[in-house]
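# Residue-level structure breakdown
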There are 2 protein chains.
Amino acid sequence: MKKISYLGPRGTFTEEALFSFYKNAKEIKSEPLGTIVDVIKSIDRGDADEGLIPIENSLEGSVNITQDILTFESEAKIIREITIPIRHNLIGKKYVDLKKIKKVISHPHATAQCRSFLNNKLHGVEVIAANSTAEAVKKILDLNDDTAAIGTKIAAELYGLSIIEKDIEDSRDNKTRFIFVGNYIPQKSGQDKTSIVCFLKKDKPGSLYKILKEFADRNINLTKIESRPARKNIGDYVFMIDIEGHLHDKKVFEGIESLRRNVYMIKMLGSYPIWKES
Amino acid sequence: MKKISYLGPRGTFTEEALFSFYKNAKEIKSEPLGTIVDVIKSIDRGDADEGLIPIENSLEGSVNITQDILTFESEAKIIREITIPIRHNLIGKKYVDLKKIKKVISHPHATAQCRSFLNNKLHGVEVIAANSTAEAVKKILDLNDDTAAIGTKIAAELYGLSIIEKDIEDSRDNKTRFIFVGNYIPQKSGQDKTSIVCFLKKDKPGSLYKILKEFADRNINLTKIESRPARKNIGDYVFMIDIEGHLHDKKVFEGIESLRRNVYMIKMLGSYPIWKES
């Protein structure tokens, strides 16, 4: 049975992503771990076959720790991506009228993402912080008042609670992209992308330009680019680049090989199927 | 007297950045506001002369909301940047031995950034979430036990509390870049950078390459680049680019003018002095 580690605790969006991919929970043995580093290291260590972690949220931005650990401290590869919409729910022990709710608990990101709902429908409510949306949902189990939590549908199910109002997020465009990591490069699917990190020895005018020329000359499309400061002694600047195509496509392979001559180092983060909404 | 709005509440890192720039608090009239949008809109509305908000943390990544509001929903310009090191402090009502501390309160980002300290020096302690480090520090005022908070030096001063241990962060490289926004383009200082957003009509192979060619041909250095999905109907992709030089430098001006012919639209986010550690 496939062993899959993922960023815990139980009942968070990472778990929602896990079971939106593995629809039959009995097919896999899943284990929530405490940190992103723990998940990535479970692959390096051979403790799990796949690891699932967030890499990018459309509102909050890149999860730098995921990119940095994959770049600087691990040999784990991205084997698959999955993007899920972030839908927040107002959760209570049972259904209550909104007027009765005086306190709402959640992670500060979640409360920030439901600001309009809180202002319009729960005006003046006290907002209490939690370390995760799952922790928030779990907390109301112990309370005897009508405190509500903002959290996932699966957390409400996990703790046998009621959804008082669903889809309370301000933005319908709020999405998180997660990656599965493993220790291999998957075979071509026909619709793939390749994630690489380019280390540049000096941030000279035109250095990024030379990198992109290798791809432009070969008609390879870029889907993402992000500059990041390099860590000490490993070049001065790094660029995280996603390109369309699989490493085993001739033009992608050749583009990357040419690139190697122009940069200090390239690290391959993975070559994997592009996520498509089903 | 200059009116400056900033991301509140009082006692956070934004306030620390404010007073590390304006060393004499009596020179300015400062007002903490609830959200980044409120600060930016205080400039558009003419309620403040300058606004101060975070734009990027070296560990947590870009503050997308800041970039997005400046790009899509405001005419405020970046007039100045400031980068401060993020130093976390363990704060209590009075000095107590670490062994006596059973609970620690802070924002989830702060507790994540002090994980080693918590594991090694406060093993097994209960970690309680707060909506900001300032809220965490304020909360311990009301408690009668030895609960500690993780927060800023200025929050400890603000509430008359003691710093039990300073610099408890895992990474000495943790920094946040803040920007001051206003409604003008400052004059050249001689060491400037210019932040622009390029809107591309379609994510075609080589389109970014053409943008960078304009800068490479003119020997203009790029210091940051980040791709972001565009919002509906305003092009399909945007690139946030920082280049060295001031808009009023002939080669920068000409580079941007040439660029305008190759892209759907350019939005100028500002042209301002490069931050230097003093």
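Our subject is the structure listed above.
Everything in this summary refers to the structure shown in the same document. (Residues numbered from 1 in each chain as written. Chains lettered and ligands numbered in written order. Predicted model: local features only at pLDDT ≥ 70, side-chain atom pairs only at ≥ 80, totals over all residues.)

## Some remarks on unusual backbone geometry
Negative phi values dominate among residues other than glycine, just as trans dominates among peptide bonds. All names here are of chain A. Here the amide bond leading from Gly8 into Pro9 is cis, since omega sits at 0 degrees, within 30 degrees of zero. Residue position: Pro9 is located in the loop between strand S1 (2–7) and helix H1 (13–21). The backbone of Asp167 shows a phi angle near 55 degrees, a positive value even though the residue is not glycine. With respect to the element layout, Asp167 can be found in the loop between strand S10 (162–165) and strand S11 (175–182). A residue is classified by how many C-beta atoms lie within 10 Å of it, and Asp167, with 13 of them, is partly exposed. (Helix = DSSP H or I, 4+ residues; strand = E, 2+ residues; numbered from the N terminus. Buried ≥ 20, exposed ≤ 12 C-beta atoms within 10 Å, placed from the backbone.)

## As for the relation of the copies chain A and chain B
In the superposition of chain A on chain B (RMSD 0.0 Å, axial shift 0.0 Å), the rotation amounts to 180 degrees. Such values leave the two copies arranged in the relation of a two-fold axis. For chain A, the minimum C-alpha distance to the rotation axis belongs to Glu226(A) and amounts to 2.2 Å. With an isologous cut-off of 70% or more, the 100% of interface residues of chain A that recur at the interface of chain B puts this contact in the isologous class. (Least-squares fit on C-alpha atoms with pLDDT ≥ 70 in both. Contact = placed C-beta atoms within 7 Å.)

## A few points about the sheet that holds strand S9 (residues 148–151) of chain A
What holds strands together in a sheet is hydrogen bonding between their backbones, with the strands either parallel or antiparallel. Residue and element names in this part refer to chain A. Taken together, five strands build an open sheet; the order of strands is S8-S7-S9-S6-S10 and the sheet is mixed. Each edge of the open sheet carries a strand with a single partner, namely strand S8 (126–129) and S10. With direction set aside, neighbouring strand axes in the sheet form an average angle of 35 degrees. Bridge analysis of strand S7 (residues 103–106) against S9 gives two bridges, and the strand direction is parallel. Bridged to Val104 within S9 is Ala148. (Pairing = 2+ DSSP bridges. Axes fitted to C-alpha atoms, helices over the stretch in contact; angles between N-to-C directions.)

## Observations regarding the interface of chain A and chain B
At the junction of the two partners, chain A supplies 31 residues and chain B supplies 31 residues. By residue number, the principal contributor to the side of chain A that touches chain B is strand S13 (residues 222–229) of chain A, which donates six residues. Of the residues contributing to the side of chain A that touches chain B, the split by class is 16 nonpolar, ten polar and five charged. (Nonpolar A, V, L, I, M, F, W, Y, C, P; charged D, E, K, R; others polar.)

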